[in-house]
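Structure assessment
Spelled out, the chains give:
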Protein chains: 2
Amino acid sequence: MAEYPEQIERLTDMFRRLDGIGKKTALRLAFCVLDMPEEDVRTFADAMVSAKNEICFCRVCKNISSSELCSVCSDETRDRSTVCVVEDFRAAMAVEKVREYKGLYHVLGGVISPMKGIGPDKLSVRELLSRLDGSVREVIIATDPTPEGETTAMYLSRLIAPLGVKVSRIANGVPVGGDLEYADEITLRRALEGRYNIE
Amino acid sequence: MAEYPEQIERLTDMFRRLDGIGKKTALRLAFCVLDMPEEDVRTFADAMVSAKNEICFCRVCKNISSSELCSVCSDETRDRSTVCVVEDFRAAMAVEKVREYKGLYHVLGGVISPMKGIGPDKLSVRELLSRLDGSVREVIIATDPTPEGETTAMYLSRLIAPLGVKVSRIANGVPVGGDLEYADEITLRRALEGRYNIE
């Protein structure tokens with residue numbers, strides 16, 4: 001018994017393949033699975049396989065979806081004249097949670113990063129341009145305020161603006177509830193530049 | 001799209017049922033699964049179900065096993081006159097890793113804890129006693145050096161000693177590589193009490 005039974009080793013190895021799960025955690029999770037009722041383990045396994053099999057990307061906006069057209073793109077009540085460009089589905093979900101934005105999305109699938117060898121051709125840029133067929137009046141670029149996100153925003157705005165479509169970028173500034181003392185200089189400079197009148 | 005597709009929510013819910021996995025981690029793990037090749041997801045799901053179905057407890061020592069008799073109990077070369085009593089299979093694995101101990105094990109399945117309502121009847125104490133049929137000469141009690149572990153050790157020694165079986169307890173002391181400065185007082189007192197001659 002220098003090792004756990006083979007079935008446990010195998011399950012532990014699979015857990016280790018998940019991001020951020022090390023050897024000890026993987027073993028702990030494997031034993032959690034053993035502690036679950038048999039019925040639930042089967043449900044877990046089924047959930048895994050069906051998520052993998054049934055989740056695909058929306059034909060239009062490239063967001064994750066359980067059908068060819070995602071729930072946003074297929075929603076007739078959404079404003080089709082505005083497209084919010086995000087890096088990934090997590091960002092789209094974050095914007096969606098505000099419950100304020102009523103337009104459509106476009107998921108790039110990343111940002112331009114020469115360091116990582118990611119050029120515009122690896123992102124869904126062509127698909128974005130093909131959507132700008134006259135019905136879209138504004139593209140809101142909501143990539144992260146990181147160097148790569150800014151570069152991508154700049155790149156997209158130079159591609160899109162000549163097509164006569166308004167291009168906007170989400171505002172930078174101090175986060176609500178944040179503390180000026182801990183804000184970095186660039187954020188604070190942007191917050192000052194972006195100041196607005198109160199009266 | 002106020003929520004992720006149902007398949008993802010379902011998988012995330014299952015991950016959340018594992019100990020120490022919160023909402024955000026569960027979501028991250030679910031997406032890791034989606035990023036895996038389909039073949040691997042199926043292997044993962046199969047590993048889960050087969051671990052649950054095929055892992056059982058050894059008939060003799062109550063350790064986890066993939067057969068009725070675990071690999072230690074079925075190993076003819078092990079010393080059958082010594083039984084090391086541990087709280088759970090993790091502890092048995094820890095002792096086994098030393099590659100020094102050649103006897104058998106007995107997995108209690110916990111420790112006596114009035115606070116948690118765990119009495120000796122909820123542990124495999126009866127099974128341990130039934131193993132002391134004359135062939136066992138020494139029982140090494142290797143429960144954790146916690147109040148509950150100590151109580152359990154005391155309880156077992158009072159049960160076993162009258163049967164004419166030698167009962168021993170693993171030593172307390174400063175861990176090898178540890179720092180006396182950070183050793184707690186009880187550990188240090190035990191280390192002093194347990195001092196041995198060097199010459």
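My aim in this report is to walk through the structure given alongside it, one point at a time. Bear in mind the structure is a predicted one, so any value in this text is a computation, not a measurement.

**Describing the overall build of chain A**
When helices and strands are counted, chain A shows seven helices and six strands. Sequence-ordered secondary structure for chain A, helices as α and strands as β, is α-α-α-β-β-β-α-β-α-β-α-β-α. Computed over its C-alpha atoms, the radius of gyration of chain A comes to 22 Å, more than 25% above the 16 Å expected for a compact globule of 199 residues. Considering only C-alpha atoms, chain A reaches an extent of 70 × 45 × 40 Å along its principal axes. The buried share of chain A, taken over its 199 residues, is 42%. Excluding contacts between residues fewer than 6 apart, the proportion of contacts in chain A whose partners are at least 24 apart in sequence is 47%. Here chain A has roughly 11,800 Å² of accessible surface; of this, 52% comes from carbon and sulfur atoms. Of note, chain A has its 27 positive side-chain charges centred 4 Å away from the centre of its 32 negative side-chain charges.

**Notes on the interface of chain A and chain B**
The partner chain B presents 54 residues to the 54 residues of chain A that form the contact. Summed over both sides, the interface between chain A and chain B buries roughly 5,200 Å², with carbon and sulfur atoms accounting for 73% of that surface. At the boundary of chain A with chain B, the tally comes to two salt bridges. We note a salt bridge from A:D40 to B:R17, for which the minimum N-O separation is 2.5 Å.

**A few points about the sheet that holds strand β3 (residues 79-86) of chain B**
Residue and element names in this part refer to chain B. In space, the four strands of this open sheet follow the order β4-β3-β5-β6, with parallel pairing throughout. At either end of the open sheet lies a strand with only one pairing partner, and these are β4 (103-107) and β6 (166-169). Pairwise comparison of adjacent strand axes, ignoring direction, gives a mean angle of 25 degrees for this sheet. When strand β5 (residues 138-141) meets β6, the two strands line up parallel, connected through four bridges. Opposite I141, over in β6, you have R169 as the bridge partner. Sheet contacts for helix α4 (residues 89-97): β3 and β4; angle to β4, the most-contacted strand, approximately 160 degrees. Each of β3, β5 and β6 touches helix α6 (residues 147-160); the most contacted strand, β6, lies at about 170 degrees to it.

Parameters and conventions
Residues numbered from 1 in each chain as written. Chains lettered and ligands numbered in written order. Predicted model: local features only at pLDDT ≥ 70, side-chain atom pairs only at ≥ 80, totals over all residues. Heavy atoms only, no water. Helix = DSSP H or I, 4+ residues; strand = E, 2+ residues; numbered from the N terminus. Rg over C-alpha atoms; globule rule 2.2 N^0.38 Å. Buried < 20%, exposed > 50% of the residue type's maximum accessible area, 1.4 Å probe, protein only. Contact = heavy atoms within 4.5 Å. Areas by Shrake-Rupley, 256 points an atom, 1.4 Å probe, with all protein chains shown as cover. Lys, Arg positive; Asp, Glu negative; His and termini not counted. Charge placed at Lys NZ, Arg CZ, Asp CG, Glu CD. Buried area = accessible area lost by both parts, 1.4 Å probe. Salt bridge = Lys/Arg side-chain N within 4 Å of Asp/Glu carboxyl O. Pairing = 2+ DSSP bridges. Axes fitted to C-alpha atoms, helices over the stretch in contact; angles between N-to-C directions.

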